[in-house]
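# Descriptive analysis of the structure
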Amino acid sequence: MVDHAPPFNAVRDDSLGLEVRPIQRFEEAAWRWQIERYHYLGYSRFSGERLRYVALFRGEPVALLGFASATFHNGPRERFVGWDTKTKGRRLHLVVNNERFLMLPS
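Residues numbered from 1 in each chain as written. Predicted model: local features only at pLDDT ≥ 70, side-chain atom pairs only at ≥ 80, totals over all residues. Heavy atoms only, no water.

### Some points on the overall build of the protein chain
Within the protein chain, the regular secondary structure consists of three helices and five strands. Every one of the 106 residues in the protein chain was classed for burial, and the buried ones make up 28%. Accessible surface, the protein chain: about 8100 Å² in total, of which carbon and sulfur atoms supply 56%. (Helix = DSSP H or I, 4+ residues; strand = E, 2+ residues; numbered from the N terminus. Buried < 20%, exposed > 50% of the residue type's maximum accessible area, 1.4 Å probe, protein only. Areas by Shrake-Rupley, 256 points an atom, 1.4 Å probe, with all protein chains shown as cover.)

Listed below in structure tokens is the structure:
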């Protein structure tokens, strides 16, 4: 039995020239700038844990994605999944929030 998950590697389909990977530290400013300029909500700092990705097509960026920890209070979500306060406390760490998805204009 494996006691840990294998490392995350980029999703790559060489037949299409598509790659999706986490951004690297030196790409953070470019990611923020593109989101601020082209996303209708602009850029705002994500709260809690966060992951940011870039999708490349034949080496050129075509999309940016951002995920963050789920918000603590979300009545419609809790009603939809049937959570009471105690269940939410046990399960909220299993939920992720899509903060940004941007298809780049180029």
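### Concerning the pattern of salt bridges
Inspection of every chain in the model, using the stated rule, returns four salt bridges. Between Arg21 and Glu27 there is a salt bridge whose closest N-O contact spans 2.7 Å. A relative accessible area of 14% means that Arg21 is categorised as buried. Here Glu78 makes a salt bridge to Arg77, at a shortest N to O gap of 2.6 Å. (Salt bridge = Lys/Arg side-chain N within 4 Å of Asp/Glu carboxyl O.)

### Remarks on the side chain of Arg21
Following the sequence through the fold, Arg21 ends up in strand β2 (residues 18-22). Among the polar contacts listed, one links the side chain of Arg21 to the side chain of Glu27, at a separation of 2.7 Å. (Polar contact = N/O pair within 3.5 Å; in protein donor to acceptor, adjacent residues only side chain to side chain.)

### Examining the pairing of β2
Covered by surrounding structure in β2 are Glu19 and Arg21 only, the residues Leu18, Val20 and Pro22 on the alternate face being uncovered. Looking at chain direction, β2 and strand β3 (residues 50-57) are connected through five bridges and run antiparallel. By the bridge assignment for β3, Val20 is matched with Ala55. (Pairing = 2+ DSSP bridges.)

### Considering the packing of aromatic side chains
Inspection of every chain in the model, using the stated rule, returns two aromatic pairs. Relative to Tyr38, the ring of Trp33 has its centre 6.4 Å away and its plane inclined at 85°; by these criteria the two rings are edge-to-face. When its relative accessible area of 35% is taken as the criterion, Tyr38 is described as partly exposed. With a centroid separation of 6.1 Å and 75° between ring planes, the pair formed by Tyr53 and Phe67 is classed as edge-to-face. (Phe/Tyr/Trp six-rings, centres within 6.5 Å; stacked < 30°, edge-to-face > 60°.)

### Quick look at the layout of surface pockets
Of the voids in this model, the largest pocket is the one considered here, and its volume is about 160 Å³. Every residue along the wall of the largest pocket is listed here: Arg21, Ile23, Glu27, Ala30, Trp31, Gln34, Val54, Leu56, Pro61, Leu64 and Leu104. Contributing elements (two or more residues each) for the lining of the largest pocket: α1 (28-38), β3 and β4 (60-69). Examining the composition of the lining of the largest pocket, we find that three residues originate from one element, α1, more than from any other. Here the lining of the largest pocket is built from residues that sort into eight nonpolar, one polar and two charged. (1 Å grid on protein atoms, 1.4 Å probe; cavity = no way out; pocket = protein on both sides within 12 Å on 5 of 7 lines; lining within 4 Å. Points joined across faces, edges and corners; volume = space filled by probe spheres on them. Nonpolar A, V, L, I, M, F, W, Y, C, P; charged D, E, K, R; others polar.)

### A short note on the nonpolar core
The nonpolar side chains of a soluble globular protein tend to be buried with one another. In terms of nonpolar packing, the biggest core is built from ten residues, these being Ile23, Trp31, Ile35, Phe46, Val54, Leu56, Leu64, Ala68, Leu102 and Leu104. Among the elements of the structure, α1, β3 and β4 are those that each provide at least two residues to this core. Not counting residues within four places of it along the chain, the set of residues in contact with Phe46 comprises Trp31, Arg52, Gly66, Phe67, Ala68, Glu99 and Arg100. (Core = buried A, V, L, I, M, F, W, Y, C linked by side-chain atoms within 4.5 Å. Contact = heavy atoms within 4.5 Å.)

Geometry only, nothing functional implied.
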